[in-house]
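Here's the letter readout for the chains.
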Amino acid sequence: MFNTSALLTSSISATLRDPGSELMTEVNRANQSFDGTKERIKKMFNKIELSISPYDTAWVAMVPSPNSAQTPCFPECTKWIVENQLSDGSWGLPHCHPLLIKDTLSSTLACVLALKQWGVGEKQVNKGLQFIELNSTSLSDEKQHTPIGFDIIFPGMLEQAKELALNLPLRSDYIDSMLRVRDMDLKRGFGGSNEEGRKAYLAYISEGIGKLQDWEMVMKYKQKNGSIFNSPSATAAAFSHVQDADCLLYLQSALQKFGNAVPTVYPLEIYARLCMVDTLKRLGVDQHFRREIKLVLDETYSYWLQGNEEIFLDCTTCAMAFQILRVNGYNVCSDHLAQFTEDHFFNSLGGYLKETRAALELYRASQMFYPDESLLEQQNSWTKHFLEQTLSSGFNYADRLSEQITQEVHDALNFPHYSDLDRLTNWRSIKNYTEDGTRILKSSYRCLNIGNEHFLKLAVDDFNVCQSIHRKELEQLGRWVVENRLNELKFARQKLGYCYFSCAATLFTPELSDARISWAKNGVLTTVVDDFFDVGGSVEELMNLLQLIEKWDVDESDHFCSEHVEIVFSALHSTISEIGEKASTWQGRSMTDTVVKIWLDLLKSMLTETLWTKSNSTPTLDEYMSNAYVSFALGPIVLPALFFVGPKLSEEDVSSHELHHLYKTMSTCGRLLNDWRGFERESKEGKLNAVSLQMIYGNGVVTEEEATGKIKGLIKSQRSELLRLVTQDKDSNIPRPCKDLFWKMIKVLHMFYLKDDGFTSDQMISTVNAVIADPITFHELENLSQGK
């Protein structure tokens, strides 16, 4: 790995030095293609491209005119059906997945019924019936995807076919069996814990129930836009039976937008745009679309404040909007998610259908809780349990169509947002991304804004370009280690790879190179200094080092009491000077003294801990924590990096209570994490930490389990407070890019301490390589998509 003086394999070094190498060719190719791909994606923000649903269009086509039951209300839909039959005689999505035959059969039968009802398209009807006959065995194939409500809707259409004297090419006993099962399902009525959920479900599939439906009950679910659950097919059936004017206006609106046909869900604009924002973020290319994303977020926030039902009546959309708006600093109240408590969720349409995606988005939203937001904590608990059960019991299907959501659930459960580094999210999202994006409700649909090849192309190219820069930077850092003789310090852990990984995985864009270098160098130096104070240096050496840093401008007459002190001081002096000079250029004023002070604070706090140990002193827990958040050594890593992320920070900002509160909250959380995970190891070494002090001052009553439980509760509260500080813009003067560094460091720490003291262990090699060493190839992604 990269934690030795070799740093990188010779093959990688040679590749980087050779301008004609395969890697440089890839970089150049990616750079040339960026602009065109980005422009194509930018245009997608302006238009939601949603596939037409032959199934829903057929139900709209079957609506009789209010003036005459013998003529269609929407003849243009009938015309569309005649003109859009596929070559095999079916209606449905072109190039449909082989496990979507049930969906195609449902769409085909609906279109045949529409043509038969109005006595047109005899040729198309016969071809459609032939397709149904040839594929009828799929109706009983349990491996096939089953559209929502299929077991009620399809038999309902069979019954309707009988009434139209349509000669179906299906065995009569099979038809009778399906009808019996359907009737038994409908007769079982309501009752149980999810009675309201079942009512919503039956309203959603109203077209399949027909005359047996309680239409008064259905109309209770009518939305302000006139639809029944934004479903053209259900709304068409409702209008056919109750002649509701709002339903008619909804259908006319859908046709006006899409022409002579309708999608299976409408409207979908807010959800689709939020999906774009979320997907681009997860793929790691959102920075290329800041203006477009800001417009989407501003518009969504406006809808949020208006109480727009397109957001608040749909669990998935509401959860996504909340999570995305909150993480981007918009003032959204978690009370709006109260309608999606566990009981309410399972009494909703999505809950009754056990929609995994809805529960997943609620789970993601629930992780964005601030202090005292018990509602979100409760939501986090039940959604996590629901997703764990779903994952353990298996999804309905094992093919590629369901692999993406399965992987998303797995990742969400195993990598909470506070421990998932940006570049690892990007890496997994790229590997798991499907360009098709086919989803299935009562019929299947595709939305290019949710799944398309342009997102993937830009993500892969961008990832590899950034990675090539990272490898060059790591090679430079390797030379810096050797030049400063840090590799000669046998007492010090050699952790350059991890130190650089922690910044490359969070500050990955090319323009943040100075921030990465500062973060990584100071990370290496804090590790060296920590080990020097812990095991490598005597009290005399530590005092000598501190005095030299305090004096700063040393000369030949200054005394280095050992070679170790000379090496450590020289590395600190040259690096702090370098970072100070660069920071001065970024900030427009001298910054070296500021960086020196950050380091002095650390050295003094470390010396305090060393003297406690040498004298066998036992500080109080308050004394320990007031020193330990500084001695945890995040100050020199994070604080100087603030100067390289873009915004200028005034002297007032640097010394402000807000900045110190951010730093102290982050460092306290990190120190508690370290003490919790390192308790066993440090106890063996005779060191005190927050866990052992809890037990010591518990007068023999507090057990290790109770002490760690207390510490874990403190970690959680500090983490939620930091999230609030970072994401809330109210009364904040520190620029968001600067505040983000504190949250990024918390994610690094939670990942390192996810299972044990990850910084000390050597079990993250594959993770580091994924971010720094191993480019992603389209050939590899093609093999993944094909299950190879």
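Residue indices follow the written sequence of each chain, beginning from 1 at its first position. Two thresholds apply to this predicted model, a pLDDT of at least 70 for residue-level local features and 80 or more for giving and counting side-chain atom pairs, whereas whole-chain, interface and lining totals are computed over all residues. Side-chain metrics in this entry use all non-hydrogen atoms of the structure; hydrogen atoms and water are not considered.

Some words on the overall build of the protein chain
Item 1. Within the protein chain, the secondary structure is distributed over 37 helices and 2 strands.
Item 2. When a residue's accessible area, from a 1.4 Å probe over protein chains only, is under 20% of the maximum for its type it is buried; when over 50% it is exposed; and in between it is partly exposed. Split into buried and exposed, the 788 residues of the protein chain put 58% on the buried side.
Item 3. Taking as baseline every contact in the protein chain between residues at least 6 positions apart, the subset at least 24 positions apart corresponds to 74%.
Item 4. Note on areas: these come from Shrake-Rupley sampling with a 1.4 Å probe, and a residue is covered only by the protein chains present in the view. When the accessible area of the protein chain is evaluated, it comes to approximately 33500 Å², of which 49% is carbon and sulfur surface. Secondary structure elements are taken from DSSP: a helix is a run of H or I of four residues or more, a strand is a run of E of two residues or more, and numbering for both begins at the N terminus. Should any heavy atoms of two residues lie within 4.5 Å, those residues are considered in contact.

Overview of the side chain of Gln 587
Item 1. Relative to the elements of secondary structure, Gln 587 occurs in helix α27 (residues 563–587).
Item 2. On the basis of relative accessibility, which here comes to 4%, the residue Gln 587 falls in the buried class.
Item 3. Once residues within four sequence positions are removed from consideration, Gln 587 is found in contact with Leu 642, Phe 643, Pro 647, Lys 648 and Leu 649.

Here's the deal with the pattern of salt bridges
Item 1. Take a side-chain nitrogen of Lys or Arg and a carboxyl oxygen of Asp or Glu: if they are within 4 Å of each other, that pair is a salt bridge. Tallied over the full model, the rule gives 47 salt bridges.
Item 2. Measuring nitrogen to oxygen at the nearest pair gives 3.3 Å for the salt bridge that ties Arg 493 to Asp 530. Within this pair, whereas Arg 493 is found in the loop between α23 (453–483) and α24 (496–504), its partner Asp 530 is found in helix α25 (residues 513–536), the two being separated by 37 residues in sequence.
Item 3. Linking Arg 736 and Asp 740 is a salt bridge whose minimum nitrogen-to-oxygen distance equals 2.7 Å. Here Arg 736 and its partner Asp 740 are both found in helix α35 (residues 736–752), 4 residues apart, which amounts to about one turn of the helix.
Item 4. If you follow the salt bridges from partner to partner, you end up with Arg 357, Glu 361, Arg 364 and Glu 408 in one network.

Description of the packing of helix α28 (residues 592–614) against helix α29 (residues 621–631)
Item 1. Only the contacting stretch of a helix is used when fitting its axis, a line to C-alpha atoms as for every element, and angles between N-to-C directions run 0 to 180 degrees. Packing of α28 against α29 leaves a shortest axis separation of 8 Å and a crossing angle of 135 degrees. As summarised for this structure, α28 and α29 are arranged oblique, according to the angle between their axes. Like other packed secondary-structure pairs, α28 and α29 cross with a definite hand, here left-handed. Mapping the contact onto sequence places Asp 601, Leu 602, Ser 605, Met 606, Thr 608, Glu 609 and Trp 612 in α28 and Glu 623, Tyr 624, Asn 627, Ala 628, Val 630 and Ser 631 in α29.
Item 2. Amino acids outside the nonpolar list (Ala, Val, Leu, Ile, Met, Phe, Trp, Tyr, Cys, Pro) and the charged list (Asp, Glu, Lys, Arg) are all regarded as polar, and Gly is one of them. Along the lines of polarity and charge, the residues of the contact of α28 with α29 split into 6 nonpolar, 4 polar and 3 charged. Note on terminology: angles under 35 degrees are roughly parallel, angles over 145 are roughly antiparallel, angles of 65 to 115 are roughly perpendicular, and the others are oblique. Each crossing gets its hand from how the near helix is turned against the far one by less than a right angle, where anticlockwise is left-handed and clockwise is right-handed.

Some details on the packing of aromatic side chains
Both the distance between ring centres and the angle between the ring planes are used here to describe each pair of aromatic rings.
Item 1. Pairing of aromatic rings covers Phe, Tyr and the six-membered ring of Trp, with a centre-to-centre limit of 6.5 Å; geometry is then stacked below 30 degrees between planes, edge-to-face above 60, and tilted otherwise. Here the structure, examined in full by the defined rule, presents 23 aromatic pairs.
Item 2. Taken together, a centroid distance of 5.0 Å and an interplanar angle of 25 degrees make the contact between Phe 150 and Phe 154 stacked. Taken together, the residues Phe 150 and Phe 154, both in helix α7 (residues 150–163) and 4 residues apart, mark about one turn of the helix. Comparing Phe 150 with Phe 154 shows no difference in burial state: the two are buried.
Item 3. Taken together, a centroid distance of 5.4 Å and an interplanar angle of 35 degrees make the contact between Tyr 221 and Phe 229 tilted.
Item 4. Put simply, the rings of Phe 345, Phe 346, Trp 382 and Phe 386 touch in pairs and so form one group of aromatic residues.
Item 5. Cation placement over rings: the criterion is NZ of Lys or CZ of Arg within 6 Å of the ring centroid and within 35° of the ring normal. In this arrangement the basic side chain of Lys 442 is found over the ring face of Tyr 204, its NZ or CZ atom lying 4.2 Å from the centre.

Details of the confidence of the model for the protein chain
Item 1. Values of pLDDT, ranging from 0 to 100, describe the predictor's confidence in every residue of the model. Confidence along the protein chain averages 90 in pLDDT terms, with 91% of residues attaining 70 or more.
Item 2. In this model residues 1–23 is a low-confidence stretch, pLDDT under 50, and it forms 43 contacts with partners more than four residues away in sequence or in other chains.
Item 3. Note on residues 396–400: pLDDT is under 50 here. Beyond four places in sequence and across chains, it has 15 contacts.

Notes on the packing of α24 against helix α36 (residues 765–772)
For any two helices packed against each other, one specifies the inter-axial angle together with the distance between the axes.
Item 1. Packing of α24 against α36 brings their axes to within 10 Å, and their N-to-C directions diverge by 50 degrees. Overall, the two elements α24 and α36 adopt an arrangement that is oblique. In the crossing of α24 with α36, the sense of the turn from one axis to the other is left-handed. Taken together, the residues of α36 that come into contact with α24 (itself represented by Gly 497, Tyr 498, Tyr 500, Phe 501 and Ala 504) are Ile 765, Thr 767, Val 768, Val 771 and Ile 772.
Item 2. A breakdown of the residues in the contact of α24 with α36 according to their chemical character gives 8 nonpolar, 2 polar and no charged.

Regarding helix α3 (residues 54–61)
Item 1. Within α3, 8 of the 8 residues are buried, which leaves the element mostly enclosed by the surrounding structure.
Item 2. Every buried residue belonging to α3 is among Pro 54, Tyr 55, Asp 56, Thr 57, Ala 58, Trp 59, Val 60 and Ala 61, and all of these are buried.
Item 3. Elements in contact with the buried residues of α3: α4 (75–83), α5 (101–118), α7, α11 (232–242) and α12 (245–258).

Comments concerning the nonpolar core
Item 1. The nonpolar core is taken to be a set of buried Ala, Val, Leu, Ile, Met, Phe, Trp, Tyr and Cys residues, with the residues joined through side-chain atoms within 4.5 Å. Counting residues in each nonpolar core, the largest one holds 247 residues, and the members touching the most others are Leu 486, Phe 501, Leu 545 and Phe 742.
Item 2. Phe 742 has contacts with Val 638, Leu 639, Leu 642, Leu 659, Leu 662, Tyr 663, Met 666 and Leu 722, leaving out every residue within four places of it along the chain.

Examining the environment of Asp 56
Item 1. Mapped onto the elements of the fold, Asp 56 is located in helix α3.
Item 2. Note on Asp 56: relative accessible area 0%, which makes it buried.
Item 3. Dropping the residues within four chain positions of it, Asp 56 is found in contact with Ser 231, Pro 232, Ser 233, Val 262, Pro 263, Thr 264 and Ser 443.
Item 4. Within 3.5 Å is the distance limit for a polar contact, defined as a pair of N or O atoms, with the added protein rule that one can donate a hydrogen and the other accept it, and that residues adjacent in sequence qualify only through two side-chain atoms. Here the side chain of Asp 56 touches Ser 233 through a polar contact of 2.8 Å, side chain to side chain.

A few points about the environment of Phe 455
Item 1. Position of Phe 455 relative to the elements: it lies in helix α23.
Item 2. Remark: the alpha-carbon pair of Phe 455 and Lys 38, spanning 417 residues in sequence, is separated by 8.8 Å.
Item 3. When sequence neighbours within four positions are dropped, the list of residues in contact with Phe 455 reads Ile 41, Met 44, Met 276, Thr 279, Leu 280, Leu 283, Tyr 433 and Asn 449.

Some details on the state of the cysteines
Item 1. For the purposes of this analysis, a disulfide is any pair of cysteine sulfur atoms at a distance within 2.5 Å. Within this structure, the stated rule accounts for 0 disulfides.
Item 2. With no disulfide of its own, Cys 77 lies closest to Cys 73 among cysteine sulfurs, the gap being 9.1 Å.
Item 3. Between Cys 318, a cysteine without a disulfide, and Cys 315, which holds the nearest cysteine sulfur, the sulfur-to-sulfur distance is 7.4 Å.

Quick notes on helix α22 (residues 422–432)
Item 1. The element α22 is largely enclosed, with a buried count of 10 among its 11 residues.
Item 2. Every buried residue of α22 is accounted for by Asp 422, Arg 423, Leu 424, Thr 425, Asn 426, Arg 428, Ser 429, Ile 430, Lys 431 and Asn 432.

A closer look at a nonpolar patch on the surface
Item 1. Taken together, Val 539, Met 543 and Leu 611 make up a surface patch of nonpolar side chains, about 200 Å² in accessible area.
Item 2. Inspection of the secondary structure assignment puts Leu 611 in helix α28. To count toward a patch, a residue needs a relative accessible area above 30% and no salt bridge. Like charges then connect within 9 Å, nonpolar side chains (Val, Leu, Ile, Met, Phe, Trp, Tyr) within 5 Å.

With respect to unusual backbone geometry
Item 1. The omega torsion of the bond from Tyr 266 to Pro 267 falls at 0 degrees, within 30 degrees of zero and hence cis.
Item 2. With respect to the helices and strands, the residue Pro 267 is situated in the loop between α12 and α13 (269–283).
Item 3. A positive phi is found at Gln 243, a non-glycine position, where the angle reads about 55 degrees.
Item 4. Assessed through its relative accessible area of 38%, Gln 243 is described here as partly exposed.

Here's the deal with the environment of Met 543
Item 1. Of note, Met 543 is situated in helix α26 (residues 539–551).
Item 2. On the accessibility criterion, Met 543 (32% relative accessible area) is partly exposed.
Item 3. Met 543 sits 61 residues away from Lys 604 along the chain, and the two C-alpha atoms are 9.4 Å apart.

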